[in-house]
Structures are given as C-alpha cells and as structure tokens.
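Structural description and commentary
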2 protein chains.
Amino acid sequence: MSESAAASQRLAFVQNHLQVAACSNKEEPRKKTPVESMSEEREKATFDVRALTYFLDGGEKYTKIREKFMMELERDPTFRMYDMYDVTKDEIRVRTMEKFRTIVHYVSAEPVPIFTMRMQTISLIDPGFWTRFGVHYGLFFGALRGSATSAQFSHWVSKGALALNGMVGCFAMTELGHGSNVAGLETTATFDEAADQFIIHTPTVTATKWWIGGAAHTATHCVVFAQLYVRGKRYGTKSFVVQLRDTRTYTLMPGVNIGDIGKKMGRDGIDNGWIQFTNVRIPRTNMLMKHTKVSRAGEVKEPPMAQLTYGALIQGRVAMVIDSGNIAKKAVTIAGRYAAVRRQFQSNPHDVQETKLIDYAIHQYRLMPILAMAYAFHFTGVETQKLYDDLMDKLESTQPGDAALQDTLETLKETHATSAGLKAFCTWSTLNAIEACRQTLGGHGYSAYTGLATTYNDFAVHCTWEGDNTILTLQSGRYLVSCYREALAGKAQPEGVDYLNHLDTLLTQGCAVKTNEEILNFDIIQQAWGVVTANVVKKAGDDFAESLKQGMSPEAAYEECSQARLAAAKIHSFGYVFRRFAQAVKSAPEGLRAVLTKVCFLYGLYSIEQNAGFFLQYRYFTPSQMDYVRAQVNVHCREVRQEYIPLIDAFNYSDYMINSPLGVYDGNVYEKYFDQVKRQNPVGQPHPYLPLIQSLLRRDIEDDEPLEEDEEDDE
Amino acid sequence: MSESAAASQRLAFVQNHLQVAACSNKEEPRKKTPVESMSEEREKATFDVRALTYFLDGGEKYTKIREKFMMELERDPTFRMYDMYDVTKDEIRVRTMEKFRTIVHYVSAEPVPIFTMRMQTISLIDPGFWTRFGVHYGLFFGALRGSATSAQFSHWVSKGALALNGMVGCFAMTELGHGSNVAGLETTATFDEAADQFIIHTPTVTATKWWIGGAAHTATHCVVFAQLYVRGKRYGTKSFVVQLRDTRTYTLMPGVNIGDIGKKMGRDGIDNGWIQFTNVRIPRTNMLMKHTKVSRAGEVKEPPMAQLTYGALIQGRVAMVIDSGNIAKKAVTIAGRYAAVRRQFQSNPHDVQETKLIDYAIHQYRLMPILAMAYAFHFTGVETQKLYDDLMDKLESTQPGDAALQDTLETLKETHATSAGLKAFCTWSTLNAIEACRQTLGGHGYSAYTGLATTYNDFAVHCTWEGDNTILTLQSGRYLVSCYREALAGKAQPEGVDYLNHLDTLLTQGCAVKTNEEILNFDIIQQAWGVVTANVVKKAGDDFAESLKQGMSPEAAYEECSQARLAAAKIHSFGYVFRRFAQAVKSAPEGLRAVLTKVCFLYGLYSIEQNAGFFLQYRYFTPSQMDYVRAQVNVHCREVRQEYIPLIDAFNYSDYMINSPLGVYDGNVYEKYFDQVKRQNPVGQPHPYLPLIQSLLRRDIEDDEPLEEDEEDDE
C-alpha cells in the first residue's frame, strides 16, 4: 500500500537506502513466470492428490457429486460471482430472490443428504443466499415440523409452506432488547376466549422483533415467539404463526408494522427486518401445539417430556463446524496459492529472481498451521456429523418410559455440550484464520476482489448467532465441570471426556519419554492434551466446589468460576479436535497416511505451542521439552510446505468457488487480478466528483484573505 | 440473530425449556431504564473525570482545543456522519472531495501541531478522508520536501503544491507485483541525453503502479518511483514528478493510462488507482535531486550520507501507534457503554430485572483488559511522539562530521526499531480489540449502524501499509538480536532495552517475593518482563549465533531464527508498553493515581497471563504464582469495572465522534438505535424485488412435472 497521512519524506529514505543496489543492465537470466512457479509446486507431491480428495469427500462418488454441483452453479447466470464484490445491497437482494427459483426446484427433486451437499457447496460461494434460503426451510419450516401438531403441519403444507408456493415464511424470536435469553422476550400472545383468538402485541420498543431474516420485504408468514397469557396467567414463551402480508398484493396485514434493519457487516442478501405487532388477532389454532396446548375453553396442557426435542438445536451447530472447515480451506487456498507465486526480496543475493513468499520461514509459520487446522476441522466436521446422526437415530427410536431412555439422554447431553463447544471453538478459530490469511496477501488483501475481506465479513456472524460463542463456551465448560464432579464420585464418563476416567494417574503425569524425539507420537500428544485438559477442568471444578463450600448457590458458583470454565472448554476443544484428526489419519488409505501424519503433527504441536503456559503449569512438559516442541513446529512447517500446494489442491475447489484471482489454480494471479479490476472498473468512465476537483484547483485563494482595513477609520 | 440455515426445530427446544418459567402477571416492581442504568455508573467515580481528561490530553488547554474541533466537525455539513454506513463508493468519494475545501483552509491558517490535532480528530471519525488528504500533504508534498532541491521545491510550491491550487498530487511507489521490496520495482526512468528528458515506462503487467491513492480520478501530478537508467547503467530507485492529467480539462496526458482499483475492504473514500506509463517523457529537472543528481551531461552524483534522512520514515509509525490508542478508546467506549445498559438473564432469580452484561465476570474479562490496553496505548503514543520529536531535534542539529553524530545515529537506530515494533504490536492488538468489542455487542455488533464493523474494516489496513506488520516485527527482532550481541560484547544498551545491560543477573532470576501479594508491585512486574524478555531475546540471539557457527551467512542466520525473532519482538513490546504506562501513572496527579494504578496492574497482569508460557518456561513465576496472577486478573477486572464508565467518559469523545447509537453518553441506546435504523431505512419504501417474490409464490408448480408418456407409444 502506498498511502498514509503521515509518512512524509519516505521517498528520501528509500531513495538513499537503495543507492547501493545500483547495477548495470546486462542481460538477465530468464525468470520463472507465476504459472511456472505454481507448476513446480505440483511436482513435489508424494501422494495421489485425487485419492486424498476422495478420502476427504467420503468416496469418489461424493467427489463427483460435488463437482457436478460446482459446474451447475458456475453455469447458472443467477449465481454469477465475478461482480459480487461491487453489487449494492439492493442488487444483492434482487439476486438472492432470483436464485430462489432455481434452488426451490431441487428441494423436492433431490434426497435430503444430496440436497444438503448442494447447499453446503452454495454456502461457500454465497453465504448470504444460503442463510436467506435457510430462513424459510431451516427456521420457519423447521419450526412447523418441530412444534406443529400433525394436523397443523398438514394445514401449512397445503398452504404452500413446503413447495414455497403461495407463502414464504420467516422466524421471529429475537427482539431489540433480547437475544440469547429467550425467557426474557416481551412480545405477548394473550388468549381472547370470547373470540377464540390470540392477540399478538409488542408492548415496548425493546420488544420490537429484531434481526428477523426475510421479514423486511419477502415473508408472508412468520413464526412468532411470544409470552403466552391465558386468563391472566403467564405460561412462558410459545410460538405462533402470524400472517404478515397479503400473499398477492404484499401489503402489510392490519396491526403489522415492518421495517428494514438495513446495512450489515455482511450477508446483505438477507432482508433482515424489524416487526412491531399492535393487537394483531390470529385464530387460536395458529399457536403451534405439538407440545403445549390451549383448548377452546382456555385450558392449558403442558407436555410430559421435553428433553427429547432438544436434539434439533444441535443441527445448526454441526453445520457451522463443517462450514468452519470449508471456509478455512477456501481461505488457505487463496493465501497458499498466492504465496507460491508471489516473490519478494532475495533471501540469497545470488538468486536470479526474488524469493517466493512461501520459502520464508515466517510465511510458513503463518500459513502451514492454518492448512493443518483446515484438515483438522474437516475431520472434526465429519465426526461431529456422525455423532449427530447417531443421536438423531437414538432420539427417534426412544420413547418416554423406554429402558434405553437414560442412555439416550446421556448421549444427548454429551452431544449438546460437545457441539456447543466446537461451534464456538471452530468459528472463532476460522474467523481468525481468515484474517490471518488476508494479511498474508499484503496490500492486495485489502482489495475487495481478492475475496478474503468479504469472506471475513460474511463469516463473522457465525460467532454470534445460534448461541453467542462466549455463552456456548461457558455452557461447554459447565458440562465439563459437571462431568468432573461425576467422575470424582466414581461415575464413568463418555469417550469425549475419557480423560476424566483416569484422574488418579493423569493429573500429575509428566511426559515420560527418554528422548525428545519420542514426543513425536500421536499417543504422547494425545496424553499431553489429556493431562492438561484434566488439570484445567479440575481447576474449574475445584473453584466451583470452593464457592459452594462458601455457601454460594450453584448458579453463583458457576458464575464465579466463569473464567476457569472458559479456559477448560477451550483446552478441551483443542484436545478433542486433535483426537478426531489423529483417528482420521489412522483410518486413511496407506498412500495418504505419511503426508497426513505430518499435517496432524503440525496441528498438535502448534496447538501445544500456542497453549504452552498450561503444559508448563501442569508440568507435563519440561521447559526443555517445550523448546523441542517449538523447534518441531518450525520443522513441521517446513515439511508440510514441501507439498502444501498438492495438499491445498486436494480440497478440490474450482476457481469459480474460490472467486479470488489470487487463488487461481494455474497461478496466473497478476493477469487475472488486473482483468478483474478492469472488468469491474472500466477505464475512461465518467466520475461524479470531477466538477468538485476542478473548482477546488481553480479557486480564488484570496477568498481566505481579510478585507484590508481602511486606515482612515482608525483615526 | 434469528436466522440460520440448519437450526430447524429450535422452537421446540426453547418452548419446552421455558415451561417452568411460567408465572402470574401480578404488578411487577419498576425496572431501571437504560438511562438510569447508565447514570448510576457515573455515581461510582472515585476520581475527577475532568481531571483525568486533562491529564490524558496534556492539559486543559488541549482538551478545549479538541472540544472545539469536535464541535466544528459536528456542525460542518460535509462532515455529517449519520448516513455514512449506507453511502456507496461513489457517494463517499464525492463527500471526500467536498471536505477538501474546508480542510485545505486550515492547512495554512493553523500552526502544524494544532492542525495535526485537528487531523487526529478527523482520523477517528473519517479515516478514509484522513488518508485521502494525507496522500497529497503527507506523501506527495512530503516527497517534495524531503527529496527536492530547494529550487525544485520552490518551483512546485509556485505551481500550487502547498496551497492545493492548480495541482493536486499523488505518490506512486508500489506496483502490482512489488510492495515492501522497493528495490525490486520495475518501472524505468531512462535518461535521453539528446532531449534532456527522462522516459518513464512500465515494462510489464507486474510493473503497473498499484494502490496509488488519489490516482484513479483526482491527482494531476505524481511522484513516481522508478529505476534510474543513465547511459545503460542502472542506479536504483529514484523519484520523479510526472504529470498525469491536464489541470483544466482533466484528460490524461499522452502515454498515461489510469484505472480505478475499485472496491476495498474499507476507506472507500480514497480513489486508489493503477497507472501504466508508456514512454512518457518528462524534463530532466523533474527528477527530485536533493540526494542523487543527474547533470545535463548525464553525470550521476550520489549523496554523501544517507542515514540522516531515515527519521522521516518513523513519523507514519508514530501516527499509527497514536491512532491505535484512539481507536481502541472508541471501540471500548461503544462496547463499554452498551454493557452498562444491556441486560440479559438474571444472575440472581430474586432480582427485579435482568442483569447488566458488565456485571458478569466473563464480560468484565472480555472488556476490562481492552480498556486497560487503551490507556496503555494512549501513554505509549504520547511517549513515542516525544521520542520522535527528540530524535528530529537531534537530526536537525546534527551534520556529518559532528561530534554528536554517533550518538544521534544510535538514537535513530533505536527509535527506528522501537517504532517499527510498536506500530505492528499496537495495530495488531487494536484490530483484535475492535473485533472483540464488536462481538460483545452480540447480534447488534453485526449491524453496520453500531459502527464497529466499519471501524474494523477501516482499521485493518494499518496492519499492512507503511511496512507489513510481520516484516516490521522481524526488523524489530533483528534489532534486539543485534543489541543482545552488543551487550554480550560489553557495550551498554539504551533505555528501551535496558534489561540487556543486566544479563548476568537477569537471565536466571526468579520472582523473589515472600508472599504472592508482593507480586502486585510495578517494579516486580517490570522485572518479570525484563527477565522474560531477556530470555526470549537470548533465545533468538543464540539461535542466530548457532547458525553463524554452522557457516551460514548473517542473512541466512537471521532467516533461520525468524520465529524466535518474532517472539522476541512481541514480548519486548509488551514489556515496553507496560513500562510506559507505569511511568505515566507515577507522573499522574495525586487524585488520579489510585485508579490508574489499578488499570495499569490489570494491563500488566493480563499481559502476563496471556504469555504465561514464557514466564513459566524461564521460571520467573512458579505455577502457583501464576495461579495467583490469573486470580488477580479477575480481581482487577472486577475492581476496574467499579468505575469503568467514568474511565471511559474521561476519553471525552462526543456522541458525534463515537457515531454509534450503542455508545451514546446518556445510555438511551435502544431508542437511538431504532431511530437510526428508521432514518436510514424509512418504512413503506418500494423495493425492487417485489415482482420476483410475487411470481415465485404464484408460479405454476406443474412446471417441474414431466409430460405424461403416451402409453400407446410404448407399444
């Protein structure tokens, strides 16, 4: 970047600095082009890139399906991406609606797992559309499926809720003054027995429904969360279907006031809105009554068993763990490919041309751990999806009263806490990784066209929605404390927190290796995480117990050990992710195991280095072993660097999907970047501030001068 | 936030979860309004807020000047900010030009230090304009001042370069393929002796001048960096004034091709452009010849002593250290004030209303260290400015041959390295702090109107320009290694790296306190940083020496210890900043010292906690002392929280400057936020995608069905 307010006289510095560099202009040896610089990286592969892609995708069949989706999207004019970095909020919303027609077609035409893969593919290039589409099918339709009686469900399907024909929905939970605490919502639904209706009402400014995706302009119906009042008694938050707009004229229904939330950090394709209800009447049967029921006579019936419906909450978190891996892959594809062709300075003065960024140790240290993390998150995503699928199978086959009920509830509790912790851990890590990758692009990272600025802005919301990351991490920490207390009481703990089953030996265990080299062993690294996690969890658990002993309530005691819980959940996630990665490596085809082992070591060692304080605090590693770990991080950065481009290629994202000229497969970054800039900003266009400049440069500077005093007046 | 693709059935979860919360609707006790929630925080001040403002500003006089600037800006229609989050790239560029006229007036009307304060104020609300203005005065005009002979300088001033009348300049250093390595630039300036002209030429695509602020549409002249060729010999990079456009018609000059770089991550008010020169001829005297000279006869004369001009480079970095503190203050003002009025969950079930965010331990842990950092960076900025001013005084009074020359060069070297390290350290930390503050706003942090998303996007470029942060940190680490080697050889080191003067005792020193409480002592914390920094620097120095011993060149040896250098520079900066803060506290007026001491302890302890690995690695603290440090971080978060709103108020930014409804002084956040959203997105506006929705919802779904086969055809 060349501009800054304060860097005067920089020229003088550089000019003089370079005096010495003068040399004659004799014929120089031929330099490698960017494309050649990229090609040579591909020759370094010690493994079959295609085989790794199949392994990542779960088999050749799925790779083919993904490739089919990528091609279909690339050839769909409504999904054109080359100009996405310049479109206005209005334009991007128009595009979003255009895409609906194409994608609605596949909702009914494709089996759910295949359609899910299609949407995952879309989420990578157009996260705003992905969310906008999810507002109807994930949130609105999902609410119907989860909370409507079967008669109600059939009714809304017949109205077009599944086919998106005749109606389109949104989901109004959060309010201007209320987010995570759903119990604190203010909107009311008061039963009018005489009319057999509910009156939906917004009593205060802070009760205004806020952030409601799709509400600003497109939704005709809404699932509204409101406090149920029957005969003057409050029954807590329930959900109600409220019509917002006439489905033909699109005028607002009486009593409904809606506005646009406006500009956001990212995902502007979603028309988030605010809604105020002023005594809006809806039929009693618009309350979703699968669980709580209100009869014609105003009797309220509560459901017998609620927990079995909790599972649904986990799905969104699993999706975000998977998205974290995918977006990390995309970011490191861009930064990694650019680093293979960008050259800067000569690390050796005798070199013919400047050195590739990736050949600097520090650049390897910046990027290789992110590449390793992308692999780690990929495998974590796969495993988390399996965990979720297993849970859903169990939940569907378990009824209240079953013998297996207790086991199912345990699994639910574990999966709930694990997914909460991982959602926070993976989205935070990926957000940081996007920014780190963006910064490795140097000045070009600040251009919208190189993609990572927008990726950052789109991704950032993952850290907040579906449970604020801090709150989720605390929940996960709370689960760990309770597992720890159970383990102390002798109860065996599930696989995810297996280390708590060996507290006797684990808490004081040091790294019992004879030579430092023995540290390079998956079992040792796993043990290291086990020991440290056990200690950090113990710290939180002991703090909690101490507070109880001092007479605090459990709630107050949990609050008191917040910081320790946060640390426990974070460390737990590192170890958990490493274990998923290590397991995947063990199950990898023979020909891939060597390279994946290196990548996995890098993830494990780098994570330990980043958390060195805990490993030293609990004396698992000695200071000199820690020095060895640090040194091995550098060694592994260098080793992974050897075939890092093939490792990136295995992610198998097409140039269209990457949508960044700096991340193109062939390495021809400069020409493609320049083309992109020129296509979006054609030369010779008129610009609106020309008259301002001209009048500025041609102004009469005497404007500023005072009128000369008339000397005679002074007399 | 309410939407996500995958969270189906969330409703069911929440609905059931809340069954228990049902209660009757008896009259509830009155709750505190947001404004009342804010007011009560102000009553907690144990110090005079106004006195702290004066102390921060350097005296009442300067507070008054800042307040005058804030009022002038607020009342200037061209500086209206309420709609800035919605303006397009074109609109914001028009605004930028409109502001030029006002601000140009003050360039000549105000003394430089006062004008600098004005620009610092502007940089906080409109960083894009600040930069755009700096392109002419800082870069273009600064280049003339630094590199033109006095005759050349007079010439360009007479053409209007100072008054911005008749011409406006830009500064073309970076190229598409070349950033930090100025020696690698490709643009050529070939001397044509016959014509007494230079021919400026862009030989390749990668030589295209890139990122040139002001070039796209506004600059008439440009200082161009190009490789000087005279009689076939290359003399390295020099600078040349090239006219880009006719100053009246604004058509491009022959051989000049210019385009718009287009959309960026932030600061879109700057019309960054690319430039290609095709054999553009300029008079020989357009080469800036204060240092290197080319005579009419083609003789090239090199300057005698270059280093004394390096000082200028430091100025931009000092400005960014100061900006880091100011932006951190702004971010924590928004997040801090919101946390005083936003309520969520009830930490005690008997409370009348929900609990303030700031009363949660974890929220204190998220925000209070950032508040402490803002104070730390403020005082570091003040000190760094002083260091710079002293250096400039020395440089101006020193001539080659002076007795004081060696001393001046030492000071230059130290200030150069210090400012490089601090620029990187402070801009990185502040960027992270902005995002951390944004996330504490929950969903509202994702709204453009709450300000921190834009602040992030605008600020991010600080990490790259004026020297990429990683490269600057490595430079700083290199300086530390060389100081360490000098110290080993017995040479006394300057104050900034004073710890290197006591290596004998320091390297193996542990914390010699009898009780943990004694750790709460500025001298102990300073010693802790000294010990740890000395060890980390030693590690880098020893790695370097080891590589030399193995026969590497110094360059290769430095490359080999990159990661250790990076760590050394980072740890050094932490200790350096703490020392600046502690010194400022000692010099504070009596009535402010108690509160500032708490804030300073929090900064010191939190920084140690974040880098616990090093303190344990080098055994300055024992694990149990480290536990004490961790516990004290929480204690100090709680203590600083007591009067954190007064501490924020002392920054004294007006609501206009903050430009976020969540950060308003009176705490009336919801109404102001809602007003802002409605003003920018009035209800009832037509929207362009209505027909798309209507046709989607009214489509004939049989579109998708196949033609029924005619059974007879099968026969």
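How each quantity is defined
Residues numbered from 1 in each chain as written. Chains lettered and ligands numbered in written order. Predicted model: local features only at pLDDT ≥ 70, side-chain atom pairs only at ≥ 80, totals over all residues. Heavy atoms only, no water. Helix = DSSP H or I, 4+ residues; strand = E, 2+ residues; numbered from the N terminus. Rg over C-alpha atoms; globule rule 2.2 N^0.38 Å. Buried < 20%, exposed > 50% of the residue type's maximum accessible area, 1.4 Å probe, protein only. Contact = heavy atoms within 4.5 Å. Salt bridge = Lys/Arg side-chain N within 4 Å of Asp/Glu carboxyl O. Pairing = 2+ DSSP bridges. Axes fitted to C-alpha atoms, helices over the stretch in contact; angles between N-to-C directions.

Turning our attention to the overall build of chain A. For chain A, the helix and strand inventory stands at 24 helices and 11 strands. Expected size for 715 residues packed as a compact globule is a radius of gyration near 27 Å; at 30 Å, chain A falls within 12% of this value. Counting only C-alpha atoms and orienting by the principal axes, one finds that chain A spans roughly 100 × 95 × 75 Å. Expressed as a percentage of its 715 residues, the buried residues of chain A come to 63%. For chain A, the share of sequence-separated contacts (at least 6 apart) that also reach a separation of at least 24 residues comes to 73%.

For the rest of this paragraph, the subject is the pattern of salt bridges. Residue and element names in this part refer to chain B. Applying the stated criterion to the full structure yields 86 salt bridges over all chains. The residue arginine 93 makes a salt bridge to aspartate 260 at a minimum N-O spacing of 3.0 Å. One end of the pair, arginine 93, is in helix α5 (residues 89-109); the other, aspartate 260, is in strand β8 (residues 256-260), with 167 residues separating them in the sequence. Take arginine 93: its relative accessible area is 1%, and that puts it in the buried class. The class of aspartate 260 is buried, set by a relative accessible area of 11%.

Moving on: the sheet that holds β8 of chain B. All names here are of chain B. Across the sheet, which stays open at both edges, the 3 strands sit in the order β5-β9-β8 with antiparallel pairing between neighbours. Edge positions in the sheet fall to β5 (209-212) and β8, since each of these pairs with one other strand and no more. Across the sheet, the axes of successive neighbouring strands diverge by a mean angle of 25°, strand direction being ignored. Here β5 pairs with strand β9 (residues 273-277) via 2 bridges, running antiparallel. For lysine 209, the partnering residue across the bridge sits in β9 and is isoleucine 275.

With that out of the way, let us pick up the sheet that holds strand β4 (residues 209-212) of chain A. All names here are of chain A. If you trace the 3 strands from one edge of the open sheet to the other, you get β4-β8-β7, paired in antiparallel fashion. The outermost strands of the open sheet, each flanked by one partner alone, are β4 and β7 (256-260). Between one strand axis and the next, the sheet turns through 25° on average, direction left out of account. Alignment of β7 against strand β8 (residues 273-277), held across 5 bridges, turns out to be antiparallel. Each bridged residue has a counterpart across the sheet, and for glycine 259 the counterpart in β8 is tryptophan 274.

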